[in-house]
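# Structural overview for review
Residues per chain, in single letters:
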Amino acid sequence: MKLRVALAVAFIASTAAAASTNPARDAILAALMTQAKQEDPTFTSFSADRGAALWLADHTGGKVETPSCTTCHTKDPTAWGQTRALKPIAPMAVSRTPDRFTDPAKVDKWFVRNCKTVLGRLCTAVEKGDVITYLSGK
Amino acid sequence: MARFAMALGALLLFARPALADGGFQVPAGAEAETIQECGACHTVLRPLTHKMIEWRAIMDDLSDHMGEDATLPEKTRADIEAYLIANASDGPNTRHQ
């Protein structure tokens, strides 16, 4: 019994550590931080709260069918989403999909595509860093 | 004569890849790229469901793909297009089967 609890605690601790310290994700965030500081030299840190606000808000400027990130991803980052063409999308929360935000090409591709679709423009480095920070904590 | 030889050489150069294995050569991994990239958003249609000219039109207009910007890096786009065209309903890998 004790062993089982200890194993469970160790497992939870290890997944929590994996979620917050993935070197590939840290490198992506570091690159975004560099860009963010170029855009604004006084910028200091990404914010999960700002990321959540952007993620959950209804926007104008993009396609009317997709006013929000949550249109496809749902309001719960730990839940599966669905594309407009009905394909399932694995949860965006890093706790559920641990390899989220670890492939720079994939991250670039989907931010370009989805920011255009939802916002009608590209996202800034700050916005991308905020969203990744939000979803990494979920 | 020299010009003829060069023309023949050029013809062989371009014809060879297309004729490998008796069919149109598709870049390695193109089928997997097709399944991954197209399948990320929608059900992957089999190449046989369209003619070559239809696939070319679709793959030439990815910035407005069913109203969505589905732009891909050029190499990925070209690989997928080659796979779809080669195996289209009237494609070179389909016709003689």
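The structure presented is a predicted model; accordingly, all values stated were derived computationally and were not measured.

### Re the environment of Asp99(A)
Residues and elements named next belong to chain A.
- Considering the arrangement of structural elements, one finds Asp 99 in the loop between strand 2 (88-89) and helix 5 (104-119).
- Accessibility expressed as a C-beta count within 10 Å gives 12 for Asp 99, which makes it exposed.
- For the pair Asp 99 and Asp 40, spaced 59 residues apart in sequence, the C-alpha to C-alpha distance is 29 Å.

### Regarding helix 5 of chain A
All names here are of chain A.
- Look at helix 5: 21 Å from first C-alpha to last across 16 residues, which is about the 22 Å you get at 1.5 Å a residue.
- Looking at helix 5, one finds that the buried residues are Cys 115, Val 118 and Leu 119. One side of helix 5 holds all its buried residues, which, seen down the axis, span an arc of 75°.
- Phi turns positive, to about 75°, at Gly 120, one or two residues after helix 5.

### Here's the deal with the nonpolar core
- Trp55(A), Val131(A) and Leu135(A) are the most contacted members of the largest nonpolar core, which has 18 residues in total.
- Of all the secondary-structure elements, those providing two or more residues to this core are helix 2 (23-39), helix 3 (48-56), helix 5 and helix 6 (125-136) of chain A.
- Those residues in contact with Leu135(A) that lie beyond four places of it in its chain are Pro77(A), Met92(A), Ala93(A), Val94(A) and Arg100(A).
- Counting nine residues, the second largest nonpolar core, distinct from the first, contains Ala30(B), Trp55(B), Tyr83(B) and Leu84(B).

### A look at the interface of chain B and chain A
- Taken together, the contacts link seven residues of chain B with seven residues of chain A.
- In terms of residue class, the side of chain B that touches chain A is built from two nonpolar, three polar and two charged.

### Thoughts on the packing of helix 3 (residues 52-59) of chain B against helix 4 (residues 74-86) of chain B
Residues and elements named next belong to chain B.
- Interaxial distance between helix 3 and helix 4 falls to 9 Å at its minimum, and their mutual angle equals 165°. Considered as vectors, helix 3 and helix 4 are oriented roughly antiparallel to each other. Along this stretch, helix 3 crosses helix 4, giving a crossing that reads as right-handed. Only Arg 77, Ile 80, Glu 81, Leu 84 and Ile 85 of helix 4 make contact with helix 3, whose side of the interface consists of Met 52, Trp 55, Arg 56 and Met 59.
- A class-by-class count of the residues in the contact of helix 3 with helix 4 yields six nonpolar, no polar and three charged.

### Points about the confidence of the model for chain B
All names here are of chain B.
- When the pLDDT values of chain B are averaged, the result is 83; 73% of them are 70 or greater.
- Element-level mean pLDDT values for chain B span from 48 in helix 1 (residues 2-19) up to 97 in helix 3.
- Two numbers describe this predicted complex: its pTM, 0.78, and its ipTM, 0.73.

Thresholds applied
Residues numbered from 1 in each chain as written. Chains lettered and ligands numbered in written order. Predicted model: local features only at pLDDT ≥ 70, side-chain atom pairs only at ≥ 80, totals over all residues. Helix = DSSP H or I, 4+ residues; strand = E, 2+ residues; numbered from the N terminus. Buried ≥ 20, exposed ≤ 12 C-beta atoms within 10 Å, placed from the backbone. Expected span 1.5 Å × (residues − 1). Arc of directions from axis to C-beta. Core = buried A, V, L, I, M, F, W, Y, C linked by C-beta atoms within 7 Å. Contact = placed C-beta atoms within 7 Å. Nonpolar A, V, L, I, M, F, W, Y, C, P; charged D, E, K, R; others polar. Axes fitted to C-alpha atoms, helices over the stretch in contact; angles between N-to-C directions. Parallel < 35°, antiparallel > 145°, perpendicular 65-115°, else oblique. Left-handed = near helix turned anticlockwise from the far one by under 90°. pLDDT = per-residue confidence, 0-100.

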